[in-house]
Amino acid sequence: MTLIGSSVKRVEDKRFLTGKGQYTDDIKIPGMTYACFVRSPHAHAKINGVDTSRAESMPGVVKIYTGADVAELNGVPTGWQVNFINGETMKEPKHPLLVADKVKHLGDAVAMVIADSYAEAKDAVDAIVVDYEPLPAVVNPKDAAAEGAPKVHDDLPDNMCFDWQLGNEKADVDQAIANAHHVTKLEFINQRVVPNAMEPRSAIGHYEDQNEKYTLYTSTQNPHLVRLLLCAFVLGIPEHKVRVVAPDVGGGFGSKIFHYTEEALVIWASKEIGRPIKWTAERRESFLTDAHGRDHVTTAELGLDAEGNFTALRVKTHANLGAYLSTFAPAVPTYLHGTLLQGLYTTPLIHVHVDAMFTHTNAVDAYRGAGRPEATYLLERLIDTAALETGMDPVELRRKNFIDAFDGVDQPGYQTQVALQYDSGDYHKVLDRALEMVGYEEFRKEQAALDNGKLIGIGFSTYIEACGIAPSAVVGALGARAGLFESAQVRVQPTGKVSVYSGSHSHGQGHETTFAQIVADRFGIPMEDVEIVHGDSEAVAFGMGTYGSRSLAVGGSAIVKSMDKVMEKGTKIAAHLLEANPDDLEFGEGKWTVKGTDKSVGFGDVSLTAYVPHNYPEGLEPGLDFSSFYDPANFTYPFGAHVAIVEIDKETGKVTLKRFIAVDDVGNVINPMIVDGQIHGGLAQGIGQALHEGTIYSEDGQLINGTYMDYVMPRADDFPMFEIDRTVTPCPHNPLGVKGAGEAGCIGSTPAVVNAVMDALKGYGIHDVEMPVTSEKVWNVIHGNS
Amino acid sequence: MHAKISVTVNGKVYERTVEPRTLLVYFLREELSLTGTHIGCDTSSCGACTVHLDGKALKSCTMLAVQADGCQVTTIEGMAQNGEMHPLQTGFHEEHGLQCGFCTPGMIMVAADLLENNPDPSEHEIREALEGNFCRCTGYHNIVRSIQHAAKRMQTATA
């Protein structure tokens, strides 16, 4: 049986199931100290003084650093540059490791206390007195653009990081909107959400004087990039003397892609004090400092002709970047958002304009989907709203505007109006399957007949996303300051066992299983003979980490490339051993066979020969160990159709998600069980944004719901069992034909749920309810208070 | 300022001197190096730190170590017996009930308590029992199935 396409149980499970997983906070190093931070209780305030004198003499305190101590050090950098429309470089204010003069968001770090124990460090934090002079704050990106708004950075009078546009000529789009038979317009906030990986961020810095080596253990999705940024941009320490280890990482969802100040501080201070330092975020620190997601204030308009064909799309967004630029922040509202506005549709004219604004809030960056959920939300909400307004069926309206099927091989890729070329797609197919599963006609009958004090509604979302990020030259031209390739080393050991060193990083995705399936399948060896190593910069040559649903499409392809090299060399060795021409050999079931004969030699024998090269091809190097770097030819474009059915209790306004149907096309599938799990998790986060989650910042910049007592995390009883299925349209440009599954659920689901709520409420004459769609908001609509 | 306590954890008696303010979860993790019990929040909301105290599921961040003096504690490390996984551990493996693994120990401990008191729970009862435990990876779908898997197996075993 082939391993590809098989739901092999995960090889990594055992350590997690027995409590033997090793997350950063589980690591103890002899002599270790503990760091805690003094964080600003104000969103915006001048620091008139920091008094550490009492804290310094407290038990166990080793050292206290303030902003003045690190003023000479660089801040943490940004990995993506977006220019203003007029060509000027974006504004890039310093993000200092500790703030000396003016705090710019709630939780901004003012001092770091290092003590012998965690409790002593916490005690000392409470004894530090900071003299703050509170200043007015601005939290909404549109407000930040207004005349006279409080300034986040003194040298930026308009709070703007950059403005940006993409698509067709603005005048043509304006004209088409003006001439449209019908225009659907929505103005809404795609609210800020908190990623909430269950493992809080944690970092251990360990400098060893005897060999001048630094080791950073950190809960990151991206160990090599953290090392690069730390060495080249923040501390200027030698990269070959720095080892970054991302051990078991308890979820990331984007928030652990980035290089954070705490990582740089524990490494820097470890050398200063000569002892290892551990910092682990408390959950309230996670709420205040893990990069948040979304936060767009958007006006979107869709023009339609009399037959319902989309004629133009115009989008204006104020994107909130927070007070400082996180690692990939500039890319999210631009190249990961504007480029997705074609959706699955043939809309001939599209224009998007983004004002990227600084506010007195925590940084916003990639969160599961990163820009693509924002694009999908506005498109899919526009379409269901347009259907409601014109009396058309939302399914038919989509079908009328769908791009025809294309495989990217015999038919070319689809060139969008917003810079991308889709690789392959069959959009009717996912929608057909979803409708079949939901029983659409029966639902409409049931809905019309309902008479029990409840309302029911159905909502659709047919989405596309861009994954497998990304061709380095393309993203380089768009402002990325890094390449987005991936590396993999396949080391065949002398006994035929295989060690694979991957630059992708698994923090729940199951790489240790999926990657092993690919390798075992190719070499015809048992999965137990394959070990996947990741997350250690000393073991793995280089890596660009895991995000943007890129691990299999890019990281997996790098493994394939190295396996190709192993097979090529192995074939030469086998041919020598079999005294045959390499062209006359075929490989299968773990051995090379001379075609048409029973003469064969096994993978293990060839491996051993490579390392004991006595009887060996002349001129061939010993060993069977290859590294590769894979730079993708294009993004991959998964797509799907999501359908939500909700029930609303008219008495309470409570929205209950009754069913959720998701049909996703993520290209070829290696492990269906793992892909299903990725979809489930994405759905829960997307549905969470629709119905439950969202930060509440007060006008003065306080995060009102910055704990689990206040922020509504989706719980087990918020969901039905998900109903999911797949179609398979292979990616034509990577060797595995895979597209990526990590973000699909989170991108498609949010608008489907809100559309379902709006469908249920269609008798009430409203066109939108702001997310999260709480009972209170719905009750107000039903009772005419909106 | 320190208190002497004796706690039986996973069948082994530990006598230690602790600061009275030490939470049970820190005692387990720092003092006994049983790091399978995780800390996911500071408000007793997430359930990652769930252990059994005298046979009942409890959030070990919500209790002081001194309060556990004389008690029996079971952590995730004590769930497998004689090298054999607990049916819940097997269930989570078979049904892909875990991804990053961080919430998993707490999920298993709370599910073990549920099945002890209700060996054949409905899907709704399982979801209600998990209300105090957050998972951000699985959408709870396969966690529910894992617990159903274990319930079935445990019933077969006792039948």
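Going along each chain's sequence as written, the residues are numbered from 1 onward. Chains carry letters and ligands carry numbers; both start at the beginning, A for chains and 1 for ligands, and go up in the order they are written. Given that the model is predicted, a residue must reach a pLDDT of at least 70 before its local features are reported, and side-chain atom pairs must reach 80 or more before they are shown or counted; all residues, however, enter totals for whole chains, interfaces and linings. With hydrogens and water excluded, all non-hydrogen atoms of the structure serve as input to the side-chain values.

## A look at the interface of chain B and chain A
Taken together, the contacts link 49 residues of chain B with 56 residues of chain A. Accessible area, probed at 1.4 Å, shrinks when two parts are joined; the buried area is that loss added up over both. Overall, the association of chain B and chain A removes approximately 4400 Å² of surface from exposure, summing both partners, and the carbon and sulfur fraction of that is 57%. On the chain B side of the contact with chain A, B:H96, B:F134 and B:R136 bury the most area, a combined 19% of that side's loss. Ionic pairing is found between A:D26 and B:R29, a salt bridge with its closest N-O pair at 2.7 Å. Under this definition, polar contacts are N or O atom pairs within 3.5 Å; protein pairs additionally need one hydrogen-donor-capable and one acceptor-capable atom, and for neighbouring residues in sequence, both atoms have to be side-chain atoms. Counting the contacts that link chain B with chain A gives 26 residue pairs in polar contact (both at pLDDT 80 or more). Whether two residues touch is decided by their heavy atoms; if any such pair falls within 4.5 Å, the residues are in contact. The working definition used for a salt bridge is a side-chain nitrogen of Lys or Arg within 4 Å of a carboxyl oxygen of Asp or Glu.

## A short note on the packing of aromatic side chains
Each Phe, Tyr or Trp ring (for Trp, its six-membered ring) is paired with any other whose centre lies within 6.5 Å, and the angle between the two planes then decides the class: stacked below 30 degrees, edge-to-face above 60, tilted in between. The full count for this structure, using the stated rule, is 32 aromatic pairs over all chains. For the ring pair A:F587 and A:W592, a centre distance of 4.6 Å and an interplane angle of 65° mean the geometry is edge-to-face. A 1.4 Å probe rolled over the protein chains alone gives each residue an accessible area, and that area as a share of the maximum for its type sets the label: buried under 20%, exposed over 50%, partly exposed in between. For A:F587, a relative accessible area of 27% puts it in the partly exposed group. When the centroid spacing of 4.8 Å and the interplanar angle of 90° are considered together, the rings of A:Y708 and B:F134 count as edge-to-face. Of this pair, A:Y708 sits in the loop between α17 (672–691) and β28 (723–726) while B:F134 sits in the loop between α4 (123–129) and α5 (141–158), each in a different chain. Of the two residues, A:Y708 and B:F134, both sit in the buried class. One aromatic cluster is present, built from ring pairs that chain together A:F310, A:Y345, A:F402, A:F406, A:Y414, A:Y422, A:Y427, A:F635, A:Y637 and A:F639. Any Lys NZ or Arg CZ found within 6 Å of a ring centre and within 35 degrees of that ring's normal is scored as a charge over the ring. Over the ring of A:Y260 we find A:R201; its NZ or CZ atom is 3.6 Å from the centre of that ring. For helices the rule is a DSSP run of H or I covering at least 4 residues; for strands it is a run of E covering at least 2, with both sets numbered from the N terminus onward.

## Overview of the domain arrangement of chain B
Residues and elements named next belong to chain B. Split by domain assignment, chain B resolves into domain 1 (3–78) and domain 2 (87–158). Distance between the C-alpha centres of domain 1 and domain 2: 21 Å. Residue-level contacts link 17 residues of domain 1 with 13 residues of domain 2. Each partner contributes to the roughly 1200 Å² buried at the junction of domain 1 and domain 2, and carbon and sulfur atoms together form 63% of this total. Of all residues in domain 1, H38, H52 and I76 give up the largest surface area on contact with domain 2, accounting jointly for 39% of the area buried on that side. Counting across the interface, domain 1 meets domain 2 through 0 salt bridges. When contributions to the side of domain 1 that touches domain 2 are tallied by element, the ones reaching two or more residues are β3 (50–53) and β4 (56–59). For this classification, the nonpolar set comprises Ala, Val, Leu, Ile, Met, Phe, Trp, Tyr, Cys and Pro, the charged set comprises Asp, Glu, Lys and Arg, and every other residue, Gly included, is treated as polar. When the residues that make up the side of domain 1 that touches domain 2 are grouped by side-chain class, the tally is 6 nonpolar, 9 polar and 2 charged. An automatic or database domain assignment is the source of the domain bounds shown.

## A word on the packing of helix α3 (residues 104–117) of chain B against α5(B)
Residues and elements named next belong to chain B. Lines fitted to the C-alpha atoms define the axes, with helices restricted to the stretch that makes contact. Angles between their N-to-C directions range from 0 to 180 degrees. Two elements in contact, α3 and α5, have axes whose closest approach is 11 Å; the angle formed by their N-to-C orientations is 45°. As judged from the angle between their axes, α3 and α5 are oblique. Of the two possible hands of crossing, α3 and α5 adopt the one that is right-handed. For the pair formed by α3 and α5, the contact residues are M107, A111, L114 and L115 on the first element and I143, I147, A150, A151 and M154 on the second. The cut-offs work like this: below 35 degrees is roughly parallel, past 145 is roughly antiparallel, 65 to 115 is roughly perpendicular, and the gaps in between are oblique. Note on convention: the crossing is left-handed when the near helix lies turned anticlockwise from the far helix by less than a right angle, right-handed when the turn is clockwise.

## Quick word on helix α7 (residues 261–273) of chain A
Residues and elements named next belong to chain A. Between its terminal C-alpha atoms α7 stretches 18 Å, which fits the 18 Å expected from 13 residues at 1.5 Å a residue. Most of α7 sits out of view: 10 of its 13 residues are buried. For α7, the full list of buried residues reads T261, E262, E263, A264, L265, V266, I267, W268, A269 and S270. Of the residues flanking the end of α7, it is G274, one or two places downstream, whose phi is positive at about 75°. A helix is expected to reach a length of 1.5 Å times the quantity of its residues less one.

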